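# Analysis of the macromolecular model
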Amino acid sequence: MENKKILFFDTKPYDKRFFDQANKLFGFKIEYFNEHLNNNTAMFSKGYDVVCAFVNDDLNKQVLEQLMKNKVALIAMRCAGYNNVDIKFSYGKIHVVRVPGYSPHAVAEHAVALILSLNRKTHKAYYRIRDGNFSINGLIGFDLYGKTAGVIGVGKIGRCLIDILKGFGMRVLVYDIATDDKFAQEKDIKYVSLEELYSQSDVISLHSPLTRETHHMINAKSISLMKDGVMLINTGRGGLVNTQDLIQGLKNNKIGCAGLDVYEEESEYFFEDFSNEVINDDVLARLLVFPNVLVTSHQAFFTKEALASIAHTTLLNITNYFKNEYLENEICYKCEKECLKKQKKRCF
Ligand code: NAI
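The paragraphs below set out a description of the structure included in this document. (Residues numbered from 1 in each chain as written. Predicted model: local features only at pLDDT ≥ 70, side-chain atom pairs only at ≥ 80, totals over all residues. Heavy atoms only, no water.)

## Some words on the pattern of salt bridges
Scanning all chains against the criterion turns up twelve salt bridges. Across the pair lysine 12 and aspartate 10 runs a salt bridge, and its minimum N-O distance is 3.3 Å. Judged by its relative accessible area of 13%, lysine 12 falls in the buried class. Residue classification places aspartate 10 among the buried residues on the basis of a relative accessible area of 2%. Note that aspartate 180 is salt-bridged to arginine 159, the shortest N-O span being 3.2 Å. With aspartate 180 in the loop between β7 (171-175) and α7 (181-187) and arginine 159 in helix α6 (residues 156-167), the pair connects residues that are 21 residues apart, well separated along the chain. (Salt bridge = Lys/Arg side-chain N within 4 Å of Asp/Glu carboxyl O. Buried < 20%, exposed > 50% of the residue type's maximum accessible area, 1.4 Å probe, protein only. Helix = DSSP H or I, 4+ residues; strand = E, 2+ residues; numbered from the N terminus.)

## A look at the site of the ligand
The environment of the ligand is formed by 22 residues, the closest being Tyr102, Lys156, Ile157, Asp176 and Thr235. Side-chain polar atom of aspartate 261 to a nitrogen atom of the ligand: 3.0 Å apart, as the coordinates give it. Between the ligand and phenylalanine 301, the relevant distance is 3.1 Å, taken from an oxygen atom to a main-chain nitrogen or oxygen of the residue. Considering the ligand on its own, with 860 Å² of exposed area, one finds that the protein chains cover 86% of that surface. Here the shell around the ligand is built from residues that sort into ten nonpolar, eight polar and four charged. (Near = heavy atom within 4 Å. Polar contact = N/O pair within 3.5 Å; in protein donor to acceptor, adjacent residues only side chain to side chain. Areas by Shrake-Rupley, 256 points an atom, 1.4 Å probe, with all protein chains shown as cover. Nonpolar A, V, L, I, M, F, W, Y, C, P; charged D, E, K, R; others polar.)

## Description of the packing of aromatic side chains
A full pass over the atoms with the stated rule returns 15 aromatic pairs. With a centroid separation of 6.3 Å and an interplanar angle of 15°, the aromatic rings of phenylalanine 26 and phenylalanine 28 are classed as stacked. In terms of burial, phenylalanine 26 and phenylalanine 28 fall into one category: buried. Put simply, the rings of Tyr14, Phe54, Phe271, Phe301 and Phe302 touch in pairs and so form one group of aromatic residues. Across the ring face of tyrosine 48, the terminal group of lysine 5 is positioned such that the distance to the ring centre comes to 5.1 Å. Here the guanidinium or amino end of lysine 93 rests over the ring plane of phenylalanine 89, the centre of that ring lying 3.9 Å away. (Phe/Tyr/Trp six-rings, centres within 6.5 Å; stacked < 30°, edge-to-face > 60°. Lys NZ or Arg CZ within 6 Å of the ring centre and 35° of its normal.)

## A few points about empty space enclosed by the protein
Tallied over the entire structure, the rule returns two cavities of 30 Å³ or more. By volume, the largest cavity is sized at about 50 Å³. Asn234, Gly238, Val241, Thr243, Leu246, Leu260, Val262, Tyr263, Glu264 and Leu287 together form the lining of the largest cavity. Surrounding the second largest cavity, Asp10, Lys12, Tyr14, Asp15, Phe54 and Phe271 form its lining. Here the lining of the second largest cavity is composed, by residue class, of three nonpolar, no polar and three charged. (1 Å grid on protein atoms, 1.4 Å probe; cavity = no way out; pocket = protein on both sides within 12 Å on 5 of 7 lines; lining within 4 Å. Points joined across faces, edges and corners; volume = space filled by probe spheres on them.)

## Points about the packing of helix α10 (residues 243-251) against helix α11 (residues 282-289)
Contact pair α10 / α11: the axes reach a minimum separation of 11 Å and the direction vectors enclose 30°. Taken together, the axes of α10 and α11 are roughly parallel relative to one another. Where α10 crosses over α11, the two elements pack in a sense that is left-handed. Of the residues in α11, those touching α10 at Thr243, Gln244, Leu246, Ile247, Leu250 and Lys251 are Val283, Arg286 and Leu287. Among the residues forming the contact of α10 with α11, the class breakdown is five nonpolar, two polar and two charged. (Axes fitted to C-alpha atoms, helices over the stretch in contact; angles between N-to-C directions. Parallel < 35°, antiparallel > 145°, perpendicular 65-115°, else oblique. Left-handed = near helix turned anticlockwise from the far one by under 90°. Contact = heavy atoms within 4.5 Å.)

## Focus: the side chain of serine 45
Within the element layout of this structure, serine 45 appears in the loop between β2 (29-32) and β3 (50-53). Look at serine 45 and you get buried, because its relative accessible area is 0%. Of the polar contacts made by the side chain of serine 45, one reaches the backbone oxygen of alanine 42; its length is 2.7 Å. Serine 45 has contacts with Leu7, Val51, Leu67, Asn70 and Val72, leaving out every residue within four places of it along the chain.

Below is the structure:
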């Protein structure tokens with residue numbers, strides 16, 4: 001594969017470190033570009049066989065057209081979610097691959113980190129103690145044991161989270177468009193309607209993909225159905241939550257606290273250092289001043305194991321493409337229904 005050239009967009013030092021290591025096995029020519037892939041930068045893909053993009057790159061129709069014009073053969077997403085790719089447009093024109101399950105444990109464990117920090121306020125205790133303040137006033141939490149957790153999206157990540165929450169002794173209610181009765185029985189969990197999940201859960205965690213159906217599923221109406229003081233955790237995608245409605249829910253104390261690893265307008269800020277600049281996004285700025293909101297910068301995936309797995313699988317996906325092999329990790333808009341994957345064939 002020495003002659004194949006890959007252009008990376010939105011590269012960070014850790015991407016380079018893990019991809020350079022994994023590439024020792026594959027031998028691609030990799031160029032790392034720091035900028036996001038978007039309408040302004042797609043033109044730089046000229047001369048490359050593959051473009052490798054990440055969660056906040058924008059692979060809209062115009063960008064895809066430019067990549068095809070530049071004779072890019074493959075788009076390799078180094079992430080699981082692909083809501084930022086116009087897969088309807090790409091179908092039949094350019095293949096897109098991704099890394100569907102690099103470490104569901106990493107994301108589930110980060111969701112739990114948010115739950116535990118928000119509940120027991122360890123992030124606040126850390127600063128208090130460093131400042132010589134040993135008071136525990138205001139740090140009161142609640143036992144997770146015996147409480148009800150609602151998990152939306154029972155896929156790879158949702159399932160890891162369920163195991164951890166069951167370990168705390170929580171009752172777990174779940175919602176997914178596809179039910180798995182055997183799994184429910186094995187894990188002693190219950191599939192319920194969204195309404196029931198909202199009304200009974202003390203902690204709600206989102207693990208479904210961002211689709212037209214799930215966009216803003218957490219909104220004023222769904223929040224009104226929730227228990228007073230509910231804890232909301234989002235490590236899925238920002239667009240699952242209507243942030244203005246969430247802010248309203250926090251202001252009127254309907255939502256007790258929120259742990260957000262993703263935010264619908266995150267692409268400008270997340271992964272970047274704005275510590276010396278003014279944050280012009282008033283919604284994000286409002287979120288950051290709530291004492292009961294914990295925002296992390298899309299870091300749920302960020303473990304050594306996950307990064308090594310992302311790098312290996314991405315380069316393997318690219319190798320399989322050029323070897324003309326079946327693309328297990330291909331994505332297309334038909335994948336959920338009539339995709340040829342069932343016959344172990346490429347989507348088109
Ligand atoms: P998965 O594909 O294994 O599971 C997704 C589950 O959601 C499936 O069971 C599916 O049936 C269900 N689902 C689909 N549409 C639904 C709907 N309308 N309502 C309820 N459930 C629905 O995916 P996985 O690996 O568990 O990842 C889930 C999501 O987590 C990804 O789509 C991605 O957006 C996000 N993610 C976030 C990361 C982070 O660093 N914060 C890292 C990796 C993934």
